[in-house]
Structure formats: structure tokens, C-alpha cells
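# Structural characterization, general
One-letter residues, chain by chain:
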Amino acid sequence: MTKLQMKILLLGSGELGKEFTIAAQRIGQTIIAVDSYENAPAMQVAHGFEVINMLDGEALDRIVAKHKPDFIVPEIEAIRTERFYDYEKQGITVVPSAKAANYTMNRKAIRDLAAKELGLKTAKYQYATSAEELQKAVQEVGMPCVVKPLMSSSGKGQSTIKTQDDILKAWDYAVAGSRGDVIEVIVEAFVNFHSEITLLTITQNNNPTLFCAPIGHRQERGDYQESWQPARVSDKDLYEAQDMAEKITEALGGAGLFGVEFFLTNEGVYFSELSPRPHDTGMVTLAGTQNFNEFELHLRAILSLPIFEITLEKAGASAVILATGDSNSPTYTGIEKVAALPKTDFRIFGKPTSRPYRRMGVVLSNDILETSIEEVVERAKKTAQLITVNL
């Protein structure tokens with residue numbers, strides 16, 4: 001018999017953590033939310049909170065010893081993840097596993113696992129630990145190419161090199177956007193893709209791996225701007241993506257929801273990246289597109305609650321609400337205009353401060369499955385523009 005009331009230590013308390021906490025609260029779980037600043041979104045709905053630098057291993061050890069959680073659920077990359085192996089030895093379940101958290105927090109480990117060990121199709125790539133090495137790597141990979149820090153999140157430090165003049169700028173930008181203490185970048189050949197998808201993949205302890213309907217998304221500055229479900233994908237490409245997602249999640253181990261990203265090209269499907277947790281593009285599932293949203297699926301898989309099936313209920317889209325500048329007390333106007341619209345919803349995340357391009361909320365739009373997905377996306381985009389973040 002499963003003990004259902006668990007204590008969960010949530011490492012990272014942004015908007016994804018907030019929705020996960022709400023899902024957990026609904027079925028009686030205890031959540032301690034952790035982040036580097038007070039009043040983070042998930043802290044506002046959790047049973048308790050801790051403010052620490054999660055890259056400080058001793059601080060991390062201290063709060064794990066203090067709270068003695070059943071589960072540790074990472075929500076961000078910038079964590080001293082090598083400590084997770086010790087926590088597993090202490091009998092704590094790291095979600096989805098210490099291996100998954102360590103591999104995916106570092107683009108080098110996950111890319112080498114995908115390309116070299118599992119033989120998945122990826123863009124040609126090289127690594128560099130200095131501006132000089134970056135010059136050589138760009139020669140090897142060819143231009144245009146994309147440069148990303150090995151440890152970063154939400155597109156921070158990511159740029160495209162199109163000319164020789166861009167190389168030094170790309171190195172400086174990558175170093176500035178890097179998280180953790182690893183100063184190294186991955187240089188990827190530019191993949192000529194016609195679309196990008198996220199395949200939410202749910203691994204279970206005693207049941208088969210499940211997939212959500214594919215989610216399409218558009219990015220700017222390395223961050224998603226709109227996402228939609230279902231994305232248009234051929235049966236052949238979808239089968240290929242599911243096969244790759246199953247292989248890589250199985251190699252990483254554990255139970256939970258993974259956001260696996262792919263490029264769709266005329267030559268087939270390329271593996272791009274993977275997050276071992278709910279994915280920002282998956283916020284579209286808050287529009288009621290599925291019988292369970294991504295946060296509920298993550299929670300159920302973690303708790304070993306069987307998921308009978310995932311059904312696609314509606315066509316849906318999400319569009320981000322961005323801040324334009326810095327503020328210590330952002331406010332919002334236009335919400336009543338959005339509330340008055342049919343088949344539309346919104347979330348304001350409750351972040352205590354804003355900065356340029358910070359994601360402060362999301363607009364959700366849905367319609368019957370037969371509706372053109374472009375129409376649903378366009379409605380979400382236009383609706384998001386009705387809300388202003390006041391500085």
C-alpha cells in the first residue's frame with residue numbers, strides 16, 4: 001500500500017514550481033519550497049519555505065537534514081546536483097533520479113549520452129573552454145552555429161554566430177549567462193528545421209512510459225513565447241520522436257515527467273534538449289488541453305499513482321506576458337479585458353520583482369479539437385498583449 005502523504009522538498013520555486021505545488025496541495029502532500037529569494041511564486045502556496053543559494057552544497061545538506069523529505073523535486077538547473085547521489089543513499093527519492101538531474105543540469109553529459117551512447121540523431125557539436133577553443137570549434141562545426149553555456153537555463157547565454165566578429169561576443173555572452181562554476185560552452189551546427197516540438201514524456205515506476213500529444217513552440221532570445229497543443233507532426237516523425245524520448249528517459253531512470261525537445265527537419269527528427277521536470281512550453285496544458293495537466297502528471301508519476309491514460313481534450317495555446325523593465329513592485333492592467341473573453345484564461349505568477357523580458361504571467365486559450373491551431377495561437381498572442389506589466 002502506498003503511503004500517500006509525502007513531504008516534498010521543491011528546489012526552485014518559480015511558476016512551474018507553483019503549479020506543481022498547487023497540484024500537490026490538492027491531494028494532501030506537504031511542500032517545502034526553496035529558492036534564492038523570498039516570496040518566490042511557489043513559496044506563496046507551500047507549507048514552508050527556505051531561502052538559500054542552491055549552489056552551496058553545505059546549505060543544501062543543511063535543509064535536507066532539517067526537513068527529512070521523502071522526495072526532492074528539482075525545478076531549476078542551478079543546484080549542487082552531485083549531492084543528490086548522497087541523498088539517494090540516505091533513502092530520499094530524487095525526482096526523477098540523481099542521474100537524470102546530474103546529466104540534464106549539464107548539456108555536455110546529456111548530449112554525449114544522447115549522441116554517443118544512445119546513437120540519437122543530434123546536430124553536429126563541439127565543446128570549448130576558452131575564446132580560442134571557441135574559434136576552433138566554430139571552424140569545425142561551421143557557420144551559422146549556436147553557442148550555449150553547458151550550465152544555464154531559459155536560454156540564458158545562448159546566441160547564434162553568423163560571422164567571425166560574433167565569436168568573441170558569443171563567448172562573453174555565454175560566460176555571463178552561465179550558471180554554476182563550469183565555464184564551458186557547447187557549439188552546435190545550425191539545424192535547418194521547419195518546427196520545434198516538446199514531447200512531454202512520463203516515466204512510471206510500475207507502468208509503461210506515456211506521451212502527451214506533441215507541443216509546438218516559438219522561441220525568442222532562447223525563451224519560449226507561444227506554445228500550442230497539438231502540434232502538427234507526421235506519424236513517422238512522431239514515432240521517431242517517441243522512440244528517442246523513451247530511450248533517453250529510460251537511460252536516465254526514475255519516475256516523473258520529462259520535457260524532451262526535438263527539431264523537425266526535412267531529413268527527419270533531431271534530438272535537441274531535455275528537462276527532467278515540467279516544461280515551460282507545457283504550460284499550455286493549463287488550458288485544459290488534456291485530462292491531466294503536466295504538473296498533475298509529474299506528481300502522479302512521482303507518487304507511483306497509476307495513470308490509466310492521457311487524453312487530448314481540446315486544442316490550446318499559451319502566450320507569455322513579459323515585463324519591459326525593472327520593478328520592485330510590479331502591477332498589472334488589462335486583466336479585466338482578458339477575463340471578459342470566451343475560451344480564455346490567464347495566470348499571473350506573483351513574482352515580487354520584474355526585469356526586462358522576465359516572464360510574469362501567461363495567457364491560455366482553448367477551443368474544440370477541430371479548430372485550426374493557428375487561430376487558437378493567434379488569439380492567445382493578441383490576448384497576452386492586452387495585459388501590461390506596470391513598473
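Residues numbered from 1 in each chain as written. Predicted model: local features only at pLDDT ≥ 70, side-chain atom pairs only at ≥ 80, totals over all residues. Heavy atoms only, no water.

Residues annotated in UniProt with the feature "binding site: Mg(2+)" (unreviewed entry) correspond here to Glu-261 and Glu-273. Relative to the assigned elements, Glu-261 resides in strand 14 (residues 256-265). Contacts of Glu-261, omitting those with residues within four sequence positions, involve Ile-197, Thr-198, His-217, Gln-219, Tyr-270, Phe-271, Ser-272, Glu-273 and His-279. By the secondary structure assignment, Glu-273 is in strand 15 (residues 268-275). Excluding its chain neighbours within four sequence positions, the residues that come into contact with Glu-273 are Arg-107, Lys-148, Gly-259, Val-260 and Glu-261. Within the structure, Glu-273 has its side chain in polar contact with the side chain of Arg-107 (distance 2.7 Å). (UniProt positions renumbered as here; feature names shortened; annotations may be inferred. Helix = DSSP H or I, 4+ residues; strand = E, 2+ residues; numbered from the N terminus. Contact = heavy atoms within 4.5 Å. Polar contact = N/O pair within 3.5 Å; in protein donor to acceptor, adjacent residues only side chain to side chain.)

What follows is about the side chain of Ser-327. Along the chain, the position of Ser-327 falls in the loop between strand 16 (315-322) and strand 17 (331-333). Reaching out from Ser-327, the side chain makes a polar contact with the backbone nitrogen of Ser-329 at a distance of 3.0 Å. If we skip the residues at most four places from it in the chain, Ser-327 touches Pro-352, Thr-353, Ser-354, Asn-390 and Leu-391.

The strand order across the open sheet formed by 4 strands is 6-9-7-8, and the pairing between neighbours is antiparallel. The open sheet terminates on both sides in strands that have one partner only, identified here as strand 6 (125-128) and strand 8 (159-161). Ignoring which end each strand starts from, the neighbouring axes of this sheet average 30° apart. Across 5 bridges, the pairing between strand 7 (residues 145-149) and strand 9 (residues 185-189) is antiparallel. Across the sheet, residue Lys-148 finds its bridge partner in strand 9, namely Ile-186. (Pairing = 2+ DSSP bridges. Axes fitted to C-alpha atoms, helices over the stretch in contact; angles between N-to-C directions.)

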